[in-house]
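# Understanding the architecture of this molecule
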Amino acid sequence: MEFSKSQGQASSLWFGGSTSEPVGTFSVIHQVLVGIILSIDLNVITAGLTMKLLRHQINGHIGGRQTDLLLCLSLQIELKDIIIIIIMSKEARPSWDSPMQFVLACVSYAVGLGNVWRFPYLCQMHGGGGFLIPYLLMLVLEGIPLFCMELAIGQKMRLGSIGAWTAISPYLGGLGIASVVTSMYLCLYYNVINAWSFWYLFHSFQSVLPWAECPVNANRTGYLEECEVASPTQYFFYRETLNISSSIDENGGIHMGQALCLLLAWIIVYLFIVRGVKSTGMVVYFTATFPYVVLIIYLIRGVTLHGAWNGVKYMFTPKLEQLANPQTWINAATQIFFSLGLGFGSLIAFASYNHHNNNFERQAVAVSLINSGTSVFASIVTFAIYGFKATFNYENCLERMRLLMLNTFDLSEETISVENVTEWIHHLNVSYPERFAAIASKVEDCSLEAELDTAVEGTGLAFIVYSEAIKNMPLSQFWSVLYFVMLLLLGMGSMLGNVTAIITPLGDIKLLSRTFSNETINGLVCLLCLLLGFGFTSRSGNYWFTIFNEYAATLSLLFIVFIEVVSVCYVYGLRRFEKDIEDMLGHRPNWYWKVMWAAVSPLLLFGLFIFYIINYIQGGTPTYQAWDKHLGKSVVQEYPAYGQAFIALLLVSSLSCVPLVALYVACRKKRRGTPLRKHAINTVTTSTV
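Let us look at the structure shown here. Residue numbers restart at each chain and count upward from 1, following the sequence in its written direction. Whole-chain, interface and lining totals are the exception, using all residues; otherwise, since this is a predicted model, local features are given only for residues with pLDDT of at least 70 and side-chain atom pairs are given and counted only at 80 or more. In computing side-chain properties, one takes all heavy atoms of the structure into account and sets aside hydrogens as well as water.

### Observations concerning the state of the cysteines
Note on terminology: pairs of cysteine sulfur atoms within 2.5 Å are recorded as disulfides. With the rule as written, the count across this model stands at two disulfides. Linked covalently through their sulfurs, cysteine 397 and cysteine 446 form a disulfide whose S-S length is 1.8 Å. Disulfide cysteine 397-cysteine 446: the torsion about the S-S bond is -80 degrees, which places it as left-handed. Of this pair, cysteine 397 sits in helix H21 (residues 360-409) while cysteine 446 sits in the loop between helix H23 (433-438) and helix H24 (448-453), placing them 49 residues apart in sequence. With its bonded cysteines labelled in order along the sequence, the protein shows the pairing 1-2, 3-4. Cysteine cysteine 529 is unpaired, with the sulfur of cysteine 187 as its nearest cysteine sulfur at 5.1 Å. Runs of H or I in DSSP of at least four residues are treated as helices and runs of E of at least two as strands, each being numbered from the N terminus.

### A word on the pattern of salt bridges
The salt bridge definition used is simple: a Lys or Arg side-chain nitrogen within 4 Å of an Asp or Glu carboxyl oxygen. Applying the stated rule across the entire model yields ten salt bridges. Residue lysine 278 is joined to aspartate 97 by a salt bridge in which the shortest nitrogen-to-oxygen separation is 3.3 Å. A residue pair is termed long-range when its members are at least 10 positions apart, and lysine 278 in helix H16 (residues 277-287) and aspartate 97 in the loop between helix H6 (79-91) and helix H7 (99-110) qualify at 181 residues. The buried label applies to any residue whose accessible area, calculated with a 1.4 Å probe on protein chains only, is under 20% of its type's maximum; exposed applies above 50%, and partly exposed to all values in between. Exposure remark for lysine 278: the relative accessible area of 33% places this residue in the partly exposed category. Take aspartate 97: its relative accessible area is 52%, and that puts it in the exposed class. Beyond isolated ion pairs, a larger network of salt bridges with shared partners links Glu578, Glu582, Arg588 and Lys594.

### Observations regarding unusual backbone geometry
One non-glycine residue, arginine 158, adopts positive backbone phi at about 55 degrees. Among the secondary structure elements, arginine 158 is positioned in the loop between helix H10 (132-157) and helix H11 (161-168). Arginine 158 gets classed as buried once you look at its relative accessible area, which sits at 13%. One non-glycine residue, asparagine 243, lies in positive phi territory at about 45 degrees. By the secondary structure assignment, asparagine 243 is in the loop between helix H14 (232-241) and helix H15 (256-273).

### Side note on the side chain of serine 538
Mapped onto the secondary structure, serine 538 falls in the loop between helix H28 (518-533) and helix H29 (541-552). Side-chain polar atoms of serine 538 contact the backbone oxygen of glycine 535, separated by 2.9 Å. Contact definition: two residues touch when any of their heavy atoms are within 4.5 Å. The contacts of serine 538, once residues within four sequence positions are left out, are Leu242, Gly252, Gly253 and Ile254. Counted as a polar contact is a pair of N or O atoms within 3.5 Å, where, for protein atoms, one must be capable of donating a hydrogen and the other of accepting one, and residues adjacent in sequence contribute only when both atoms are in side chains.

### Considerations on the packing of helix H30 (residues 555-585) against helix H31 (residues 591-618)
Helix-helix packing: each pair is described by the crossing angle between the helix axes and the interaxial distance. In contact at an axis separation of 9 Å, H30 and H31 are set at 165 degrees when each is read in the N-to-C sense. By the angle between their axes, H30 is roughly antiparallel relative to H31. Relative to H31, H30 is oriented so that their crossing is left-handed. Counting all contacts with H30, which are made through Leu555, Leu558, Phe559, Val561, Phe562, Val565, Cys569, Tyr570, Leu574, Phe577, Glu578 and Ile581, the residues of H31 involved are Lys594, Trp597, Ala598, Pro602, Leu605, Phe606, Leu608, Phe609, Tyr612, Ile613 and Tyr616. Gly is put with the polar residues, along with every residue not named as nonpolar or charged; the nonpolar set is Ala, Val, Leu, Ile, Met, Phe, Trp, Tyr, Cys and Pro, and the charged set is Asp, Glu, Lys and Arg. Looking at side-chain class alone, the contact of H30 with H31 contains 21 nonpolar, no polar and two charged residues. Axis lines are fitted to C-alpha atoms, over the contacting stretch for helices. Their N-to-C directions set the angle, which ranges from 0 to 180 degrees. Throughout, the term roughly parallel applies to angles under 35 degrees, roughly antiparallel to angles over 145, roughly perpendicular to angles from 65 to 115, and oblique to all others. By convention the crossing between two helices is left-handed if the near helix lies anticlockwise of the far one by an angle smaller than a right angle, and right-handed if it lies clockwise.

Written out as structure tokens, the structure reads:
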């Protein structure tokens, strides 16, 4: 570990000596023994001693009265030295054990469920491989620069989001609070997905997967009607997993199984973050790497499935006409933005535990590319399974039509095959129009392309489409366990970052840190989220889950990051920010970073923010998908008045933090009549590690 001149001077002063006093044998032995007794890092002590030895060239100061000095040493160790050393050691910020731990933590946080269930959906919606063009362009223009900016802020300030932005300017303290509020909203519902994964995982250890077939009715005379009109996978998700009500107005009791799974999920999260970066740093070695092992296994299995290449070919066949659709570019920009986890304060919190000279610039590029590469890789796996499922459904449709034609027209088995059934349908319709009209309502239009065009995202993809594909695989239990373990690790890895975004700023508050231990603060945060999260396990909980997922962390994040980049460039000052980076990395950022931060990224964020506002206004009354058990499908319903009010409250509660804190600071400044900059932290001076 290297130490700066300021560090050497600080170390000398900690031990009660001035930087100009002579150094004798007693001073040397004094400092060494104090460090040994109190188990302080001897590297710090050695740095202070080295500075003294170099300055005063102690050749001639050592010698003489060593015996007398040793006899009176215990009388010379002053109480103030011990107190100062203990305080400094307790206030020293913990750090990652290695840069690799930090990178893995960022990868574990950024690579989440959205890479598996959101990106493939967007590829499917916007022209397959053609979607990669705007996606990669937005990565360069928006994703990497903003990711690097947040890492730089965290590493320079060595504080969580609230402390970092307050240090830059007290007027900006609301940015950190807004990030914490948004992260709290995310934690409330995100861990519910992990609870669902636990539920599916536990049900995978059965001889027959419970979503593979419909349960029989009470009289054992047939299958349950709701399952028959829907499908076994839909029934298991909506009825067995959620026990969902028919609307948000219809409340019900808590699903005890889901509540226990949610409790387990929060216990595991607490164990992962109980000791801060020391425990998180060990966990990320597993949460960041094992999902790739599962994806590779699934890729090998997926491409060997019947019809898998139909899906892969569908993905890589570009529909370039989609590039003329503005929605394609907007979705590419938002996917990059949300996939990297910008604005939550997690990246600032993670980077605050870095050493001062850590090369965050290179790490930002690496993590961003890994995140985007994982999205593409996961899409290949997903489309291979899509192809298998679509081919399976397509061939089943053809087989049903073959049997229908054989039974209706009394043809021999060998007459019609799956390969020629489409021609036979056309032939029989022309030859026997009256008989064919009688079965016209039962004739289905079997199309592989239509099956592949059926786009599903979110929980529908993760828990229904994937489950339907898994049940048709050989050794379905094994693949089910493997898949839901992967989902759990992706979800838990993201939760580490989400919770760290909350506990790091809270731990930086002196009043809390002096009153409670870090373990207690972490436990209280997890307990609060658990208690509030129980509401999502009620019968109408999934509708509230949808509200949080769609409104709690979309518009607010765009606003937060837009204010962040504008504040850094035009309030704090881009030149000042360049000096901070030079202080950490030894060189100033090149033209690419400066152009992105100062112009391109803010303009893109502003455009996305305006688009979302217009979309909200033009969208009319907010709607949601309500499950109709009689129809066996979701139907669109409008949110009631209290639901719309709650949506507005979610948006305002986070967005208002920024102006309210700025107004409060301005009023306090006016009341005290003191310049605000007098209280600001000078962030340009060389920081110590």
